[in-house]
Amino acid sequence: MKEKNIENNLMEKIVSLCKRRGFVFQGSEIYGGFAGTYDYGHYGVMLKKNIEEAWRRAIDEHRQMAFIESSIFTAPRVWEASGHVSGFSDPLVICNSCGEKSRADHLLESIGVKADEKMPEKEINNLFDANRKKLKCPKCGKYDFGSVRAKSLLATSNLGIFDMEGDDQNTYLRGETAQGTYINYKNILETGSFFIPFGIAQIGTVFRNEISPRQFLFRQREFEQMEMQYFVYPNEAMNEYEKWKKERMEYYIKLGIPKSKLRFKDHENLVFYAKAACDIEYEFPFGWNEIEGIHYRGDYDLTQHQKFSGVDMNYFDEETKEKFIPHVVEVASGLGRVFLMVLCEAYNEDSLKESKRVVLNLPIKLAPIICSVSPLLKNKPELAEYAETKVYMPLKAEFGRVAWDDNGNIGKRYRRQDEIGTPFCIVIDFDTLTDDAVTVRDRDTGEQERIKVSDLVQFLKEKIN
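Residues numbered from 1 in each chain as written. Predicted model: local features only at pLDDT ≥ 70, side-chain atom pairs only at ≥ 80, totals over all residues. Heavy atoms only, no water.

Judged by nonpolar contacts, the single largest core of 63 residues is most densely connected at Phe-23, Ile-51, Met-228 and Tyr-252. For this core, the element with the most residues is helix H11 (residues 335–346), which contributes nine residues. Residue contacts for Met-228: discarding those within four places in its chain leaves Trp-55, Ile-59, Met-65, Gly-199, Ile-200, Ala-201, Trp-244, Val-329, Glu-330 and Val-331. If you look at the next biggest cluster of nonpolar residues, it comprises 22 residues, including Cys-371, Ile-428, Val-438 and Phe-459. (Core = buried A, V, L, I, M, F, W, Y, C linked by side-chain atoms within 4.5 Å. Buried < 20%, exposed > 50% of the residue type's maximum accessible area, 1.4 Å probe, protein only. Helix = DSSP H or I, 4+ residues; strand = E, 2+ residues; numbered from the N terminus. Contact = heavy atoms within 4.5 Å.)

Let's shift gears to the pattern of salt bridges. When the charged atoms of two side chains lie near each other, side chains of opposite charge can form a pair. Per the stated rule, a full pass over the model turns up 34 salt bridges. For Glu-29, the salt bridge identified is with Lys-19, shortest N-O distance 2.7 Å. In this pair, Glu-29 sits in the loop between strand E1 (24–26) and strand E2 (38–40) while Lys-19 sits in helix H1 (residues 10–20), placing the two residues ten residues apart along the sequence. According to the relative accessible area criterion, Glu-29 is partly exposed, its value standing at 36%. The shortest N-O distance in the salt bridge between Glu-210 and Arg-103 comes to 3.9 Å. Here Arg-103 lies in strand E5 (residues 101–103) and Glu-210 lies in the loop between strand E9 (198–207) and strand E10 (222–232), a separation of 107 residues in the sequence. As far as the burial class goes, Glu-210 and Arg-103 line up, both buried. (Salt bridge = Lys/Arg side-chain N within 4 Å of Asp/Glu carboxyl O.)

Direction vectors running N to C along helix H2 (residues 42–59) and H11 enclose 105°, while the axes themselves pass 10 Å from each other. Between H2 and H11, the interaxial angle falls into the category roughly perpendicular. Residues Gly-44, Leu-47, Lys-48, Ile-51 and Glu-52 of H2 lie in contact with H11, whose contacting residues are Leu-335, Val-338, Phe-339, Val-342 and Leu-343. Residue composition of the contact of H2 with H11, grouped by class: seven nonpolar, one polar and two charged. (Axes fitted to C-alpha atoms, helices over the stretch in contact; angles between N-to-C directions. Parallel < 35°, antiparallel > 145°, perpendicular 65-115°, else oblique. Nonpolar A, V, L, I, M, F, W, Y, C, P; charged D, E, K, R; others polar.)

Here it is, written out as structure tokens:
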């Protein structure tokens, strides 16, 4: 792989590549865009599914693991029980001059003042007031803000719920997938052969009423979470928390992220029910930021749902004959953030055979396409037929992630596949018709080798493994 030579505007380049090559588009783009929402294109969907599958495989290495898909809409009482209705908020501040809405903690951090969205409203107002003369509106540049107030992050919907007078009543789009796990905890125990310690995992769409969505896919209003709740004996919880910290860090290193660009960051302001919490952070082009949270949540969630629903959440241990509410260790990551991290790490600009190019050096297990198949000349029927019937179709049937590419000359095809992140380009030429061998070009090195068509499947399997 060539040495990286990336300028400071890396994020702009990644956003441009995502649109140009069909990874990600701005949501509702033809109507001027809708902030905080994004649509995944063909290659974006494939990359996203590969990231999801890598996560599922890693979680499923544990024997006692159940996978579920809970509903996006839930009874409003779920969010009252969890504390989201009263305590799930961000510190909002509005510029008096232009009306721009900003996160107070982000403004404070921009001038080097440590802040946290979990701070009580009074505490962050005091901190904001002490630094008010230094805080500039990111839109108009003036130093003129109102007071900080807590803004609920729960997105609301009416969903046909009415009161006695027929007026709409609010319900909520889920703010996290975890609550869907907690309210199904008893169902999993009663229908499966699970016993403590065991986990419940799911990937699903969540919604946040974000004040200032920013940094492309990093902070969105609609995104997917990958979460797992691990139910454990209370006296073993801290030990399990430390185990999951180690395992999740090793996971990202195995995914191809350099250890030097990953770190743990312990939470200094724990929510009242948390026993311990930390983030795994990645060094994005815009600085260190969270990609995954690991939390020891105690028995708070199950206790709250027991209290609000009246359903007994106790676990009965057959060996000790004890009843208790399990404690929970959670691992939670945003799929969009991991997707963005993978792109940032893979993006490269180099020179290959004296020709400049943009390339995504994606690990083969994550790349949207494993290989592309190209007849040297698309207007030669004998080449096209051989390429399709003897190379493309068999490889497509075996691997799925195989592309047909006959648009433009070979050099343009290579550059296009480099930007998509395709590890191998396979070219069928006139020699192929007599020797049943094809040219396989390596994305990272540009080197080419002749491989027998009969050996292609085994060749690619070895590369994948």
